[in-house]
Amino acid sequence: MTALYQQGTFEYNSHDRDFWLRELDDFVPARIFDAHAHLWTEAGQEHLAPPAPDAVLRMPVDLTGLQAWSAQIFPGRECHYLLLATPNPGMDIAANNTWLGRQAAGDPESRCSMAVAPQMPPEQLDATLRRNGCIGVKPYRSFAPRPAEARIRDFLPESQMEVLHGLGKAVTLHLSLKGGPADPANLNDLRTYTARYPRIRWILAHCARAFNACLLEKSIHELKHIPNLWYDTSAVNDLYTHYLLLKHEDARRIMFGSDNVPAGCAHGKYIAYARAWRLYDGREPLEHCDARPVPVIYEQLLQQKRAAEMLGLTAAEIDMIFTGNARAFIRSADDAGGRPDAAAAANGV
């Protein structure tokens, strides 16, 4: 197996490239806006313990590294991004957000969303958003006291929502609770907060965290009626989830996301079973077939392609999901005051 490109712990090889050419090259449009891409730096985070060998949330990658990955994984495609902070408990959030703003300034067509923890004072959130041109925030359940049982307000308190509402900002939201989008508490919270803070734009990450389609089968019929919701498709490898989202939602609310780097670059597949899911790395040798895995993002794209074929999506509709919707979202965010001052962001002021 010949490595074509390698960074950190992930490898892109000739088998991956062959899979792209055979299965995906005729589906992915020439221009991509990736609405869920992570950056991370260890600089300024020396107080954190070294990441575990199999940890993926702490893989250092800057804009240049992300662009290099994209050039390999999406060959011949023009890529721009909504760059998300990588939320790690104990991180120096201020230092990381300053660095993130500088990185985003390196691509005038990309934007960024800063890390935020529930302890951040509202005035600090307001000042940071105004200073570095972020169009929104990336909260995360791991900042809540009990991450697996966290309501939205446990990791994004309403005092912060008030700031986001006042500035017309976005929230990339990874839902907690075992039922994800199907949990009545999450559905109730989304109805409440979209009504109370109508200027917030909510991006429900990972198809509303429906890695298993059973979580979306009924909830999609409630989510589709809630205003100011969008979805990114990142890391979801379940065919029926993509089908349900495309069939029942307004396609203008669906945006392509990769979860690169690193989750989308890991070899393997997120497999769904019963009411659960997990990452299967595909390392087990099998006698009866070619058992070599491909990156998670390729499994995701294959399911998006199959769902698009099942529903008869046109090339224009596919372009909209991969680029048009995100660009419209960014224009709206810029109009609300999110367009960055490149010079200020580059200087961290």
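Everything below is about the structure printed above this text.
Quick notes on the rules
Residues numbered from 1 in each chain as written. Predicted model: local features only at pLDDT ≥ 70, side-chain atom pairs only at ≥ 80, totals over all residues. Heavy atoms only, no water. Buried < 20%, exposed > 50% of the residue type's maximum accessible area, 1.4 Å probe, protein only. Helix = DSSP H or I, 4+ residues; strand = E, 2+ residues; numbered from the N terminus. Arc of directions from axis to C-beta. Phe/Tyr/Trp six-rings, centres within 6.5 Å; stacked < 30°, edge-to-face > 60°. Salt bridge = Lys/Arg side-chain N within 4 Å of Asp/Glu carboxyl O. Core = buried A, V, L, I, M, F, W, Y, C linked by side-chain atoms within 4.5 Å. Contact = heavy atoms within 4.5 Å. Pairing = 2+ DSSP bridges. Disulfide = S-S within 2.5 Å. Axes fitted to C-alpha atoms, helices over the stretch in contact; angles between N-to-C directions. Parallel < 35°, antiparallel > 145°, perpendicular 65-115°, else oblique. Nonpolar A, V, L, I, M, F, W, Y, C, P; charged D, E, K, R; others polar.

## Concerning helix H4 (residues 122–132)
Among all positions of H4, only Leu125, Thr128, Leu129 and Asn132 are buried. Taken end-on, H4 shows its buried residues confined to a sector of 100 degrees, consistent with a single buried face. Facing away from the buried side of H4 by more than 90 degrees, the exposed set consists of Glu123 and Arg130.

## Focus on the packing of aromatic side chains
Taken as a whole and judged by the stated rule, the model has twelve aromatic pairs. Between Phe211 and Trp277, the ring centres sit 5.2 Å apart and the planes meet at 20 degrees, which makes this aromatic pair stacked. Of this pair, Phe211 sits in the loop between helix H8 (205–209) and helix H9 (220–223) while Trp277 sits in strand E12 (residues 276–280), and the two are 66 residues apart along the sequence. Judged by relative accessible area, which is 6%, Phe211 ranks as buried. Assessed through its relative accessible area of 25%, Trp277 is described here as partly exposed. An aromatic cluster of three or more residues is present, and its members are Tyr12, Phe19, Trp20, Phe27, Phe74, Phe256, Tyr298 and Phe322.

## Points about the pattern of salt bridges
It is possible for side chains of opposite charge to pair when their charged atoms get near one another. Counted according to the given criterion, the structure contains 16 salt bridges. As a salt-bridge pair, Glu222 and Arg191 come within 2.1 Å of each other at their nearest N and O atoms. Of this pair, Glu222 sits in helix H9 while Arg191 sits in helix H7 (residues 184–196), and the two are 31 residues apart along the sequence. For Arg253, the salt bridge goes to Glu249, with nearest N and O atoms at 2.5 Å. Under the relative-accessibility criterion, Arg253 is labelled buried at 11%. For Glu249, a relative accessible area of 7% puts it in the buried group. Each member of the salt-bridge network shares a partner with another, and the members are Arg31, Glu78, Glu109 and Arg327.

## Let's talk about the nonpolar core
One finds Trp202, Leu223, Tyr298 and Leu301 to be the most contacted residues of the largest nonpolar core, which totals 94 residues. The biggest single contributor to this core is helix H11 (residues 296–311), with seven residues. With residues up to four places along the chain from it excluded, the contact list for Leu223 reads Pro181, Leu187, Leu190, Leu204, Ala208, Leu216, Leu229, Tyr231, Glu249 and Arg253. Within the second largest apolar cluster, 13 residues are counted, among which are Ala35, Ile135, Ala170 and Ala326.

## Overview of the sheet that holds strand E9 (residues 229–232)
With parallel pairing, eight strands are arranged side by side in an open sheet as E3-E4-E5-E6-E7-E8-E9-E10. A strand with exactly one partner marks an edge of an open sheet, and here the two such strands are strand E3 (31–39) and strand E10 (254–255). Of the pairings in the sheet, the one linking strand E6 (residues 136–138) to strand E7 (residues 170–173) comprises two bridges and is parallel in character. Paired with Val137 across the two strands is Val171, which belongs to E7.

## Some remarks on the state of the cysteines
A full pass over the atoms with the stated rule returns zero disulfides. Lacking any disulfide linkage, Cys207 is separated from the closest cysteine sulfur, that of Cys214, by 14 Å. On the basis of relative accessibility, which here comes to 0%, the residue Cys207 falls in the buried class.

## Comments concerning the packing of helix H1 (residues 14–24) against H11
In contact at an axis separation of 11 Å, H1 and H11 are set at 10 degrees when each is read in the N-to-C sense. Between H1 and H11, the angle is such that the two are roughly parallel. Side by side, H1 and H11 meet where Asp16, Phe19, Trp20, Glu23 and Leu24 of the first sit next to Tyr298, Leu301, Leu302 and Lys305 of the second. Considering only residue class, the contact of H1 with H11 consists of six nonpolar, no polar and three charged.

## Some words on the pairing of E12
With five bridges joining them, strand E11 (residues 269–273) and E12 adopt antiparallel strand pairing. Counted as the bridge partner of Ile271 is Arg278 from E12. In this structure, the hairpin formed by E11 and E12 is closed by a connection of two residues, where Ala274 is found at a positive phi of approximately 45 degrees.

## Notes on the environment of Gln160
Position of Gln160 among the secondary structure elements: in helix H6 (residues 158–167). For Gln160, a relative accessible area of 0% corresponds to the buried category. Taking the C-alpha atoms as reference, Gln160 lies 8.9 Å from Glu123; in sequence the two are 37 residues apart. When near neighbours in sequence (up to four residues on either side) are disregarded, Gln160 contacts Val116, Ala117, Pro118, Met120 and Leu125.

## Points about the side chain of Gln303
Inspection of the secondary structure assignment puts Gln303 in helix H11. When residues no more than four places from it in sequence are discounted, the contact partners of Gln303 are Asn237, Asp238, Leu239, His242 and Lys269.

## Quick word on unusual backbone geometry
Along the chain, Asn260 connects to Val261 via a cis peptide bond; the corresponding omega equals -20 degrees. In this structure, Val261 sits in the loop between E10 and E11. The step from Val261 to Pro262 runs through a cis peptide bond, and the omega angle for that step is 15 degrees. Along the chain, Pro262 turns up in the loop between E10 and E11. Phi angles above zero are rare outside glycine, and Arg209 is one such case at about 60 degrees. By the secondary structure assignment, Arg209 is in helix H8.

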